Structure formats: C-alpha cells, structure tokens
Amino acid sequence: MFDTAPDAPLLEIRGIEKTLGEQHVLRGMDFTVRRGEVLAIIGASGSGKSTLLRCLNLLIRPDNGRIYWQGAEVGWHQRGDKRLPMAERELLPFRTRLGMVFQSFNLFPHMSALENVCEAPMTVQHRDKSEVRAEAEALLAKVRLSHRMHAYPHQMSGGEQQRVAIARALAMRPEALLFDEVTSALDPELKAEVLRVMRELAEEGMTMISVSHEMDFVRNVADRVIFMHAGRIAEQGVPAEVFADPQTPELRAFLGRAGD
Amino acid sequence: MDFDLSIWAVRGPYILQGLWLTLALVAGVLAISTPLALAVGLALEARSRWLRAPATVLSWMVRGVPPLIILFIAYYVLPIVLDLRLESLTAAIAGFVVYNTFILGEVVSAGLRAVPKGQHEAIAAAGLPMTRSLRRIVLPQAMPSIIPPYVSYSMDMVKGTALAGAIGVTELVTRANQAIVATNRPFEILLGVAIIYGVIDAMLIAVQMWSERRWDHQGHVSP
C-alpha cells in the first residue's frame, strides 16, 4: 500500500496548516519522529495541540502540508500536478499502524474490556479468534487489569478505562501511539497508574507522541518536547534543557502556571 | 340510559373483522417502513451531501403533508401515474409506508446523532471499516435513544390507521361507525373499540420495555 523507505523517519510532517471556522489553529508545523522516540507536545489550551494530533492520523484533514509515514506520503495521491485526497477507506491501513488514546477514553460502552480490546484485531486484521483473545488477555495483564477482563466500561474507574483504552490501541500491534491528554480527566491517584503504563511502554521502545499537561512525565519520560504557541512550534528540544532555559516569554509564563 | 354490551354479540364479529385489517395494516407498514427508515436515517446522517441533501428535502416534504393527503395520492394518483389498479389496502399500506419511513427515519437520525463524537473518533482511529462498525458499535449505542420515540410514533400510526377508512379500507373504526349508525349504540361500541386500541398499545409498550432492557448499556461512557 505504501512505498516505504526503511531509513526514513517513522513520521514526518511538513508545513501542516489547519483553519477551523475562523480560527487559524495550525500555522505551519514541521517535525519528524524517529522510531522509538517519545515526543511530548505541550502548550496552553487553544494552542492547537489536539488538532495537531488529529491531523497526524488524519482524523482531521489539514488544509495544507504533507504527512509522510516511513517516507511515503499519506492522505493524498499525487496525480501529475494534482493532489487528490485519499478516500476514508484508503486511510484505514495507515491508521491501524498508528494507535490513538483519547482524553475521554471512548471505550465502546456495550462491550466488556476484553471485547473492546478484541474488536479491531478481529474485524480489521481478521486474525484467528483464539490467538486474538490470548493476546488481548496478555495486553490486559500488561496494564494490570486481568481481574477486570469481563467488566463493562461503566463498571470501571476512569484510570481502569484508560488502561483498557491503551490495551485496545496496542492490540492492533501499532508502530506508534498517539496520546491526547490521556490523564486530564482523571483524579491524581488514577493518573499515576496510567502514567506508569505509559512509562513502561516508553521503556519498551514504543514510539509515542503525547499531548500532555503532566510536566513530570514530560521531563522524565519524553526524549523531546515541542512547545506550541498560536499554531506554531515556539520552542523544542530535550525537556530538561528546554525547561531549564526557556527562550520565549510564552514558555516562561506556561512553565510558571504549570508549576502551581 | 340503558347500557347493553350484548350488542357486541350481534355486531362484534363484523367489527372484529376490521380489527384484522387494522392489524394487517400496522404489521405491513412497520415491517416495510422499519428497514427503509434505517436507510433514510443513515442517509440523513451521511457524510456525502449527495445522500444527505435529497434525504433531507424529501423528509421535509413528506412530513409536511397530512397523512390523509398521502393516502389520497396513493389511492387516486398512483394508479393513474403507474397505470395500474391498486386495492385500497395496498394503497393504504403504500401511503402509510411513505409517511412512516420519513417520520421513523428522523427518529433513527436523531438516535445516530446521540452517539458521542468520541465513539466515531475511536472507530476511525482504530481503522475500523464503517459499515461493520455501524452495525457492531454505532447502532447498538443509538438503540436506547431510538426505541422510545419509535414505539411512540408507532402508537400514533396504529391510531392513524383509522384514516384508511377514507380510501375504502373497512378497518376497525370504519366498521364500528357503521355499527353505530345501524344500532344507535355509540357508547357500547366505542367503549369496545377503545379497549381494543388499549390492548394494541399495551402490546407495543411491552415491546418497548423488552427492547429497552435488551439495549440497556447502563449509561454511556462515564468518566
């Protein structure tokens, strides 16, 4: 499906722009993500973080710019001089390689934890039922939810639901994961159990792109941080260095608020 | 005032033959319009405007016309246009099917809109194909919001079938009216008819209660 190049970065975006209504949310974003890298995206509310994340797997289609997955462009076909948007169904194989976890979990409420995890690998990848089930049980064990396998979302705490959502995203054997403020809806003690799972994934070498307000997580787990302001990258680099010596008044103000 | 239910012993069989027509009408119309309503509901919520626009316009038009006029169109106009002869029961079913398809289509569309946006995002992000996830994920979540108005509109339809009398379907109310004219016993006859409608409504409520239990997911995503 994709003409991929093995040496190319896993994900590369060039000049992504997006206007939603009157709002010019993204004003030209460029960055690359290497395999195994943990990239954190921070910024004030309304700086375009969640929109950016949704552009990466084309839940939102950017107005301008290009997205390359392992060197191959996704989202558009080049036909001579013309660029034609891919049909929704052509995006499906790409999306299965790039899992996503949401702030509000978005588990399927009429399915148990196990069924939530099994749904995509069974219907998309048509893998053998018993094999998928065994793998789903292993994934739920990995997020420490073996005892909640048959529970329904409404019977679980937010932290448990979010860990099921992570297991669900992992079930497709993705090559990278997108996290959209996954702990923002959780109480502090529930945050910790989700962040612990994310830290373990990072240690295993999973490529992760995480929009986050958890400054400790960004500082200790991320290889690189991008600070967004007004739809652009205002600063980026190794978290410890960026936080120790912020160059822009916006980041200084943001770090001041985050320290509260 | 004398009150004598024995009038039903004489006129009952004739009136009850109308009940079978009423039930045939209800069953036929619901059986045909339910799958059509699903299609209309999906078209109303479709991403493609080529599906959405005609469905929206048609729905406005059909729902704006009184059902009685639709029955007249089905009975008088349709045979001329199609150059065929329509029995009054067939014409009544056709007319009610058209009306109900769009009434219930709006119910389906409202139910689909009640499914949280995050569910659609989760489906798309997982790379799940649309048709299959519609059946396995979206519709099961839409059902709790579809069932109560669906049953409620179906009850309206049951009572509305009396309109079919106007195009010669001798259903329950038409026959009851004939019996009243013949016997001058309106109270006994209308009381019986009211009880019959009450029983039909009770059966629909039973269907509603059963299906609400069947589709109860105990609230949607609770953070």
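Chains are numbered independently. Their residues run from 1 in the order of the written sequence. By the order in which they are written, chains take letters starting at A while ligands take numbers starting at 1. Given that the model is predicted, a residue must reach a pLDDT of at least 70 before its local features are reported, and side-chain atom pairs must reach 80 or more before they are shown or counted; all residues, however, enter totals for whole chains, interfaces and linings. The basis for every side-chain value is the complete set of non-hydrogen atoms in the structure, without hydrogens or water.

**Quick look at the packing of aromatic side chains**
Where two aromatic rings form a pair, the distance of their centres and the angle of their planes describe that pair.
Right, so step 1: Aromatic rings from Phe, Tyr and Trp, taking only the six-membered ring of Trp, are treated as a pair when their centres fall within 6.5 Å; an angle between ring planes under 30 degrees marks them as stacked, one over 60 as edge-to-face, and anything in between as tilted. All told, the structure shown has five aromatic pairs over all chains when counted by the stated rule.
Right, so step 2: Between Phe72(B) and Tyr76(B) the ring centres are 5.8 Å apart and the planes differ by 45 degrees, which places this aromatic pair in the tilted class. Here Phe72(B) and its partner Tyr76(B) are both found in helix H3 (residues 67–82), four residues apart, which amounts to about one turn of the helix.
Right, so step 3: For each residue, the accessible area found with a 1.4 Å probe, counting protein chains only, is set against the maximum for its type, and the residue is called buried under 20%, exposed over 50%, and partly exposed in between. In this structure Tyr76(B) comes out as partly exposed when scored by relative accessible area, which is 46%.
Right, so step 4: Grouped by ring-pair contacts, the aromatic residues Phe72(B), Tyr75(B) and Tyr76(B) constitute a single cluster.
Right, so step 5: Our definition puts a charge over a ring when NZ of Lys or CZ of Arg is within 6 Å of the ring centre and also within 35 degrees of the ring normal. Its end group placed over the ring of Phe108(A), Arg168(A) keeps NZ or CZ at 4.6 Å from the ring centre. Strands are runs of DSSP state E lasting at least 2 residues, helices are runs of H or I lasting at least 4, and numbering of each runs from the N terminus.

**Observations regarding the pairing of strand S8 (residues 98–101) of chain A**
Residues and elements named next belong to chain A.
Right, so step 1: With burial as the criterion, each face of S8 is covered, one bearing Leu98 and Met100 and the other bearing Gly99 and Val101.
Right, so step 2: Paired strands, as defined in this entry, are two strands with at least two bridges between them according to DSSP. Bridge count for S8 against strand S9 (residues 176–180) is four bridges, and the pairing is parallel. Within S9, the position partnered with Leu98 by the bridge is Ala176.

**Concerning the sheet that holds strand S10 (residues 207–211) of chain A**
All names here are of chain A.
Right, so step 1: Read across the open sheet, the six strands follow the order S8-S9-S10-S3-S11-S12; overall the sheet is mixed. With one partner strand each, in any of the chains shown, S8 and strand S12 (232–237) form the two edges of the open sheet. Across the sheet, the axes of successive neighbouring strands diverge by a mean angle of 20 degrees, strand direction being ignored.
Right, so step 2: Strands S8 and S9 of the sheet are contacted by helix H5 (residues 158–170), whose axis makes an angle of about 170 degrees with S8.
Right, so step 3: Any pair of residues with heavy atoms lying within 4.5 Å of one another is described as a contacting pair. For helices, the axis comes from a line fit to the C-alpha atoms of the stretch in contact; other axes are also lines fit to C-alpha atoms, and the angle between any two N-to-C directions lies between 0 and 180 degrees. Where helix H6 (residues 188–203) meets the sheet, it contacts strand S3 (38–43), S9 and S10, and its direction lies at approximately 145 degrees from that of S10.

**Concerning empty space enclosed by the protein**
Right, so step 1: Residues are called lining when one of their atoms sits within 4 Å of a cavity or pocket point, these points coming from a 1 Å grid over the protein atoms alone, where a cavity is a set in which a 1.4 Å probe fits but cannot get out and a pocket is an open set with protein on both sides within 12 Å along at least five of seven lines. Grid points are joined across faces, edges and corners, and a volume is the space filled by probe spheres set on the points. Under the criterion given, the structure shown has three cavities of 30 Å³ or more.
Right, so step 2: The calculated volume of the largest cavity comes to roughly 110 Å³.
Right, so step 3: Those elements giving two or more residues to the lining of the largest cavity turn out to be helix H2 (88–96), S8 and H5 of chain A together with helix H5 (117–125) of chain B.

**So, the UniProt feature "transmembrane region" (unreviewed entry) in chain B**
Residues and elements named next belong to chain B.
Right, so step 1: UniProt positions are given in the numbering used here, feature names are shortened, and annotations may be inferred rather than shown by experiment. UniProt marks residues 20–44, 56–77, 89–112 and 189–210 with the feature "transmembrane region" (unreviewed entry), using the numbering shown here.
Right, so step 2: In residues 56–77, the share of helix is 91% and the share of strand is 0%. The end C-alpha atoms are 24 Å apart.
Right, so step 3: The span residues 89–112 shows a helical share of 100% and a strand share of 0%, and its end C-alpha atoms are spaced 33 Å apart.

**Overview of a nonpolar patch on the surface**
Right, so step 1: On the surface, Ile69(B), Ile73(B), Tyr76(B), Val77(B), Ile80(B), Val81(B), Leu82(B) and Leu84(B) cluster together into a nonpolar patch covering about 760 Å² of accessible area.
Right, so step 2: By secondary structure assignment, the location of Leu82(B) is in helix H3. For patch building, the residue pool is restricted to those with more than 30% relative accessible area and no salt bridge; the joining distance is 9 Å between like charges and 5 Å between nonpolar side chains (Val, Leu, Ile, Met, Phe, Trp, Tyr). Here the Shrake-Rupley method, with its probe set to 1.4 Å, supplies the accessible areas, and only the displayed protein chains count as covering residues. Salt bridge, as used here, is a side-chain nitrogen of Lys or Arg placed within 4 Å of a carboxyl oxygen of Asp or Glu.

**Describing the packing of H5(A) against H6(A)**
Residue and element names in this part refer to chain A.
Right, so step 1: Across the interface, H5 lies against H6 with an axial gap of 8 Å and an inter-helix angle of 20 degrees. One finds that H5 runs roughly parallel with respect to H6. In this structure, the crossing between H5 and H6 has a hand that is right-handed. Counted together, Gly158, Gly159, Glu160, Gln162, Arg163, Ile166 and Leu170 of H5 and Leu190, Glu193, Val194, Val197, Met198 and Leu201 of H6 form the full contact between these two elements.
Right, so step 2: Under the grouping applied here, Gly and all other residues not named as nonpolar or charged are polar, the nonpolar ones being Ala, Val, Leu, Ile, Met, Phe, Trp, Tyr, Cys and Pro and the charged ones Asp, Glu, Lys and Arg. By residue class, the composition of the contact of H5 with H6 is seven nonpolar, three polar and three charged. Roughly parallel means an angle under 35 degrees; roughly antiparallel, over 145; roughly perpendicular, 65 to 115; everything else is oblique. It is the rotation of the near helix from the far one that decides the hand of a crossing: anticlockwise by less than a right angle makes it left-handed, clockwise makes it right-handed.

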